[in-house]
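Architecture and fold: a report
Listed here are the chains, written in short residue letters.
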Amino acid sequence: MKPIKILFVCLGNICRSPAAEGVMKKLAAGLPVEIDSAGTAGYHIGELPDARMRSHAAKRGYILNSHARQFDPKIDFEKFDYIVAMDKSNYHDLQSFDTSRKYSKKISMLTDYRQKMDAVEVPDPYYGGPAEFEHVLDILEDGCGGLLKVLQK
Ligand code: 4NP
């Protein structure tokens, strides 16, 4: 069976999207899915996820060890089935990269799959403290669980 390919996208690819990648990899372990993450910006290319995010994620059992990369419209739109933005700005940037409008339907927001949380986006925790990082992980667990249910249908 051909795996379903999921790409999580935030701004820097060091906080939210690598955490979403880690959460989804754990939730979907053993299923035919391929999971990756990328940033709309290139400020942090090659870096490991932010130490604060790695530490908060590790406490919940998620090991984040991907290296940041920038979203590549020439490759990623075609390659991935689900391109999942963390916030509205990431979503609009992705839609604007899709100049052909061919891939619009592949692009969604993680909060489109929310179950219990009432969040409408995953807020940027970069300038926040521990509570902001925990809140991000709460939204990611809720949204990734919902996405998994959609995939299993
Ligand atoms: P992310 O968080 O988009 O969740 O990876 C950010 C990381 C870095 C910056 C902003 C947000 N920055 O401005 O460098």
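The structure under discussion appears in the preceding block.
Residues numbered from 1 in each chain as written. Predicted model: local features only at pLDDT ≥ 70, side-chain atom pairs only at ≥ 80, totals over all residues. Heavy atoms only, no water.

With respect to the packing of helix H2 (residues 51-59) against helix H5 (residues 130-152)
Quick note on the threshold: Simply put, an axis is a line fit to the C-alpha atoms, just over the touching stretch for a helix, and the angle between two N-to-C directions goes from 0 to 180 degrees. Each helix corresponds to a stretch of at least 4 residues labelled H or I by DSSP, and each strand to a stretch of at least 2 residues labelled E; elements are numbered beginning at the N terminus. Here the word oblique covers every angle except those under 35 degrees (roughly parallel), over 145 (roughly antiparallel) and from 65 to 115 (roughly perpendicular). A crossing counts as left-handed when the near helix is turned anticlockwise from the far one by less than a right angle, and as right-handed when that turn is clockwise. Throughout, a contact is declared for two residues whenever any of their heavy atoms are within 4.5 Å. Residues are sorted three ways: Asp, Glu, Lys and Arg are charged, Ala, Val, Leu, Ile, Met, Phe, Trp, Tyr, Cys and Pro are nonpolar, and all the rest, Gly among them, are polar.
For the pair H2 and H5, interaxial distance at closest approach is 10 Å and the crossing angle is 60°. With respect to H5, the axis of H2 lies oblique. With respect to the hand of their crossing, H2 and H5 are arranged in right-handed fashion. Judged by residue contacts, Arg52, Met53, His56 and Ala57 of H2 engage Pro130, Phe133, Glu134, Val136 and Leu137 from H5. Taken together, the residues that form the contact of H2 with H5 break down as 6 nonpolar, 1 polar and 2 charged.

Thoughts on the sheet that holds strand S4 (residues 107-109)
As a reminder of what qualifies: Here, any two strands with at least 2 DSSP bridges between them count as paired.
Pairing is parallel across the open sheet formed by 4 strands, whose spatial order is S2-S1-S3-S4. Every other strand in the sheet has two partners, leaving strand S2 (33-39) and S4 as the edge strands with one partner each. Averaged over neighbouring strand pairs, the angle between their axes works out to 25° when direction is ignored. Bridge count for strand S1 (residues 4-10) against S2 is 7 bridges, and the pairing is parallel. Across the sheet, the residue bridging to Ile6 is Ile35, located in S2. Docked against the sheet, helix H4 (residues 88-97) engages S1, strand S3 (82-85) and S4, running at close to 175° with respect to S4. Against the sheet, H5 contacts S1, S2 and S3, and its axis sits at roughly 155° relative to S1.

Some remarks on the packing of aromatic side chains
Definition in use: For Phe, Tyr and Trp, where Trp contributes only its six-membered ring, two rings pair if their centres lie within 6.5 Å, and the inter-plane angle classes them as stacked under 30 degrees, edge-to-face over 60, or tilted in between.
Inspection of the entire model under this criterion finds 4 aromatic pairs. Ring plane angle 5° and centroid distance 5.2 Å describe the contact between Phe77 and Tyr103, whose orientation is recorded as stacked. Of this pair, Phe77 sits in helix H3 (residues 73-79) while Tyr103 sits in the loop between H4 and S4; the two residues are 26 residues apart in sequence, bridging distant segments of the chain. Ring centres of Tyr126 and Tyr127 lie 5.0 Å apart, and the angle between their planes is 85°; this geometry places the pair in the edge-to-face category.

Some details on the environment of Glu132
This is how it is decided: For each residue, the accessible area found with a 1.4 Å probe, counting protein chains only, is set against the maximum for its type, and the residue is called buried under 20%, exposed over 50%, and partly exposed in between. Counted as a polar contact is a pair of N or O atoms within 3.5 Å, where, for protein atoms, one must be capable of donating a hydrogen and the other of accepting one, and residues adjacent in sequence contribute only when both atoms are in side chains.
Within the fold, Glu132 resides in helix H5. Using a relative accessible area of 38% as the deciding quantity, one classes Glu132 as partly exposed. Along the primary structure Glu132 and Lys106 are separated by 26 residues, whereas in three dimensions their C-alpha atoms are 28 Å apart. Engagement of the side chain of Glu132 in a polar contact is seen with the backbone nitrogen of Gly129, the distance being 2.8 Å.

Comments concerning the site of the ligand
How we decide: Whether a residue is near a molecule or strand depends on its heavy atoms: if one lies within 4 Å, it is near. Where accessible areas are quoted, they stem from the Shrake-Rupley method and a 1.4 Å probe; at the residue level, only the protein chains shown are allowed to cover.
Neighbouring residues of the ligand: Cys10, Leu11, Gly12, Asn13, Ile14, Cys15, Arg16, Tyr43, His44, Asp124, Tyr126 and Tyr127. Leu11 is positioned with one of its backbone polar atoms (N or O) 3.0 Å from an oxygen atom of the ligand. Residue Asn13 places a main-chain N or O atom 3.2 Å away from an oxygen atom belonging to the ligand. Protein contact buries 91% of the 360 Å² of open area that the ligand shows by itself. Across the shell around the ligand, the residue classes break down as 7 nonpolar, 3 polar and 2 charged.

Description of the packing of helix H1 (residues 16-27) against H5
Closest axis-to-axis distance for the H1/H5 pair is 9 Å, and the angle between their directions is 50°. With respect to H5, the element H1 is oriented oblique. Note that H1 runs across H5; the crossing there is right-handed. Residues Arg16, Ala19, Ala20, Val23, Met24 and Leu27 of H1 pack against Val136, Leu137, Leu140, Glu141, Cys144, Gly145, Leu147, Leu148 and Leu151 of H5.

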